[in-house]
Amino acid sequence: MTKVLNPDICVIGGGAAGLSVAAGAAAFGVPVVLVERGLMGGDCLNHGCVPSKTLIAAARHAQAIRVAGRFGLTASEPVVDYARLHARIHDVIAGIAPHDSVERFAALGVDVLQSSGRFVDENTLAAGGHLIRARRFVIATGSAPAIPPIPGLDKVPFLTNETLFDLTRLPAHLVIIGAGPIGIEMAQAYRRLGAHVTVIESRRALADADPELSAFALAALGDEGVVLHQSTTIGAIEQIGGRIVLRCENASGAFSVEGSDLLVAAGRRANHASLGLAAAGIDHDANGIVVGPDLKTSNRRVHAIGDAAGGLQFTHVASYHARLVLQQVLFRLPAREDRAIVPRVTYTDPEIAEVGLSEAGARDKFGAVDVIRTDLILNDRARTDGVEAGLIKLVVGRRGRILGAGIAAPGAGELISMWSLAVANRMTLKQVRGYVAPYPTLSEIGKQAAISYYAPLAKNAVVRSVIRALRVFG
Ligand SMILES: Cc1cc2nc3c(=O)[nH]c(=O)nc-3n(C[C@H](O)[C@H](O)[C@H](O)COP(=O)(O)OP(=O)(O)OC[C@H]3O[C@@H](n4cnc5c(N)ncnc54)[C@H](O)[C@@H]3O)c2cc1C
């Protein structure tokens with residue numbers, strides 16, 4: 001018999017976004033039903049951030065062995081036991097999984113339904129033999145790999161992020177379709193682990209990043225032996241004698257790329273096809289479910305958050321969205337998404353991290369802006385650690401206000417945090433100049449950049465005459 005549930009909140013999707021809403025609401029004693037059709041923890045834990053960063057960590061160690069000669073050690077070609085690396089990836093996932101588990105959420109007081117959810121009308125979701133009539137619904141159904149309509153792709157075996165981390169052998173030659181953050185991160189990692197890697201991209205690699213910053217990562221990939229074809233279209237794909245062959249074309253003409261394995265990393269599409277959105281009066285477009293700045297859908301009782309909402313697709317965006325929804329639903333306070341405060345990181349070596357406005361975006365919005373560039377090589381810690389190239393770039397508005405920051409450096413994802421704080425709090429370079437940074441750290445480069453902004457002050461005639469006058473007093 002169909003059971004009717006009447007929670008305050010029904011969350012659809014148990015990934016980063018949905019779990020954050022469910023845990024937050026339960027912490028305040030609010031009745032919540034969480035509907036999850038697959039693995040708790042969603043993409044980030046099972047097929048995304050966690051396995052990819054575990055793989056990247058192994059690749060970084062492999063590369064350290066390879067380049068150890070620069071540090072006065074004996075370098076060698078690393079011996080990779082890929083089956084053990086596969087086991088480690090799944091150990092790391094298993095170590096985090098209890099935090100996202102059905103058991104933990106049940107203990108928090110969340111009613112977890114392990115089933116697919118589908119709206120039957122504007123106020124009701126059907127899931128696992130239940131009808132859920134909640135005061136509010138939160139769609140947090142995430143995204144899936146987009147599969148481009150390339151002739152022949154449907155006839156050859158290929159990997160996506162959902163199957164890549166199940167491999168127990170190192171691909172001999174991995175061909176990657178797509179040079180966005182996922183494709184480029186995986187390209188460098190697999191190359192460092194010893195695979196041949198070729199990447200094919202129809203536009204520009206890392207197209208959403210500032211080209212001046214992404215150039216550092218792309219140069220590193222090139223030096224390490226990743227072959228990258230940009231502005232290249234793939235006309236057809238076929239399997240010939242166990243090899244995958246891609247027929248490509250770019251400005252130089254037609255050519256073929258042949259590999260042992262194929263990874264499709266050609267973007268993401270929001271998961272909403274099976275949600276019955278029409279029955280609930282919820283609009284969607286090519287990017288995902290349509291939401292306003294308050295993350296409400298066209299059905300005002302339904303929010304959509306995380307990857308499903310089709311904006312910036314990061315785990316920290318999923319948790320940020322969850323906070324904005326809780327603010328509205330629990331406390332009835334207004335909340336609006338501010339994309340300018342969201343950091344964007346690509347975990348290559350060097351990492352590329354940005355927050356706020358890019359140089360081009362700031363010029364479009366404000367006309368004249370100042371741009372400060374400081375090379376990482378000016379930083380002592382970069383010297384001691386053998387970092388050969390990198391950059392911090394600050395976009396500065398009137399009265400020294402920090403509009404945006406971009407960093408190409410090892411650990412840029414860590415370094416960008418203080419700039420996220422600065423952008424979110426509309427801070428100025430004067431405040432950055434005034435704080436004390438520990439020596440020797442890479443983070444000092446930000447302070448160096450801030451000081452360079454004020455360097456012309458030292459030559460200012462008025463300032464100099466004031467200092468001269470003050471000398472009279474001894
Ligand atoms: C390879 C890779 C690496 C990444 N690395 C990073 C990184 O380093 N840093 C970062 O910030 N982000 C990273 N991301 C992005 C990050 O994983 C996503 O932004 C994040 O997982 C989005 O969380 P979500 O909760 O919106 O969606 P998801 O995690 O996808 O969760 C959605 C959940 O909804 C469930 N679901 C879907 N439809 C239904 C339905 N009808 N009924 C019930 N349940 C349903 C799904 O089973 C899933 O569990 C990476 C992504 C990939 C693919």
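Bear in mind that the values here come from a model prediction, so they are computed numbers and not experimental data. (Residues numbered from 1 in each chain as written. Predicted model: local features only at pLDDT ≥ 70, side-chain atom pairs only at ≥ 80, totals over all residues. Heavy atoms only, no water.)

Caption draft 1: Broad picture of the packing of aromatic side chains. Taken as a whole and assessed by the stated rule, the structure comprises four aromatic pairs. Relative to F331, the ring of F28 lies with its centre 5.3 Å away and its plane at 90°, an arrangement referred to as edge-to-face. You can see F28 sitting in the loop between α1 (16-27) and β3 (32-36) and its partner F331 sitting in helix α8 (residues 315-331), a full 303 residues away along the chain. When its relative accessible area of 55% is taken as the criterion, F28 is described as exposed. Relative accessible area serves as the criterion here: at 45%, F331 is assigned to the partly exposed category. Judged by centre distance (5.3 Å) and plane angle (70°), the rings of F119 and F137 are edge-to-face. (Phe/Tyr/Trp six-rings, centres within 6.5 Å; stacked < 30°, edge-to-face > 60°. Helix = DSSP H or I, 4+ residues; strand = E, 2+ residues; numbered from the N terminus. Buried < 20%, exposed > 50% of the residue type's maximum accessible area, 1.4 Å probe, protein only.)

Caption draft 2: Representation of the domain arrangement of the protein within the structure. Taken domain by domain, the protein comprises domain 1 (3-144 + 269-340), domain 2 (153-266) and domain 3 (350-459). In this assembly, 21 residues from domain 1 lie in contact with 17 residues from domain 2. Interface area for domain 1 against domain 2, summed over the two sides, is near 1,600 Å², with a carbon-plus-sulfur share of 63%. Broken down residue by residue, the surface that domain 1 buries against domain 2 is led by H47, L55 and Y82, which jointly contribute 34%. Inspection of the domain 1/domain 2 interface yields five residue pairs in polar contact (both at pLDDT 80 or more). Of all elements in the fold, only α3 (49-66) and α4 (82-96) reach the threshold of two or more residues within the side of domain 1 that touches domain 2. For the side of domain 1 that touches domain 2, the element with the most residues is α3, which contributes 11 residues. (Domains from an automatic or database assignment. Contact = heavy atoms within 4.5 Å. Buried area = accessible area lost by both parts, 1.4 Å probe. Polar contact = N/O pair within 3.5 Å; in protein donor to acceptor, adjacent residues only side chain to side chain.)

Caption draft 3: Summary view of the site of the ligand. Around the ligand sit 39 residues, and of these E36, D43, K53, D307 and T315 come closest. At 3.2 Å, a backbone N or O of R37 approaches a nitrogen atom of the ligand. When the ligand is considered free in solution it has 1,000 Å² of accessible area, and contact with the protein chains removes 93% of it. Listed by contribution, the elements that provide at least two residues to the shell around the ligand are α1, β3, α2 (42-46), α3 and α8. Partitioning the shell around the ligand into residue classes produces 13 nonpolar, 20 polar and six charged. (Near = heavy atom within 4 Å. Areas by Shrake-Rupley, 256 points an atom, 1.4 Å probe, with all protein chains shown as cover. Nonpolar A, V, L, I, M, F, W, Y, C, P; charged D, E, K, R; others polar.)

Caption draft 4: Geometry of helix α6 (residues 181-192). The end-to-end C-alpha distance of α6, which contains 12 residues, comes to 17 Å, matching closely the 16 Å that a straight helix rising 1.5 Å per residue would cover. For α6, the buried fraction is high: nine of the 12 residues fall into the buried class. Along α6, the positions that sit buried rather than exposed are G183, I184, E185, M186, A187, Q188, A189, Y190 and R192. (Expected span 1.5 Å × (residues − 1).)

Caption draft 5: Seen up close, the pairing of strand β5 (residues 117-121). Relative to strand β6 (residues 124-127), β5 runs antiparallel, the two sharing four bridges. Looking at the pairing, R118 lines up with A126 of β6. Count of turn residues in the β5/β6 antiparallel hairpin: two residues. (Pairing = 2+ DSSP bridges.)

Caption draft 6: Here's a closer look at unusual backbone geometry. Here the amide bond leading from D349 into P350 is cis, since omega sits at 5°, within 30 degrees of zero. Within the fold, P350 resides in the loop between β19 (344-346) and β20 (351-356). Note that the residue after Y439, namely P440, is joined by a cis bond; omega there is -10°. Its location among the elements puts P440 in the loop between α12 (429-434) and α13 (444-454).

Caption draft 7: Main features of the sheet that holds strand β15 (residues 253-259). Spatially, the three strands line up as an open sheet ordered β13-β14-β15, and their pairing is antiparallel. The open sheet has two edge strands, β13 (233-240) and β15, and neither has a second partner. Strand-to-strand twist in this sheet, taken as the mean axis angle between neighbours without regard to direction, amounts to 20°. In terms of strand pairing, strand β14 (residues 243-250) meets β15 through seven bridges, oriented antiparallel. In the strand pairing of β15, R247 is matched with S256. (Axes fitted to C-alpha atoms, helices over the stretch in contact; angles between N-to-C directions.)

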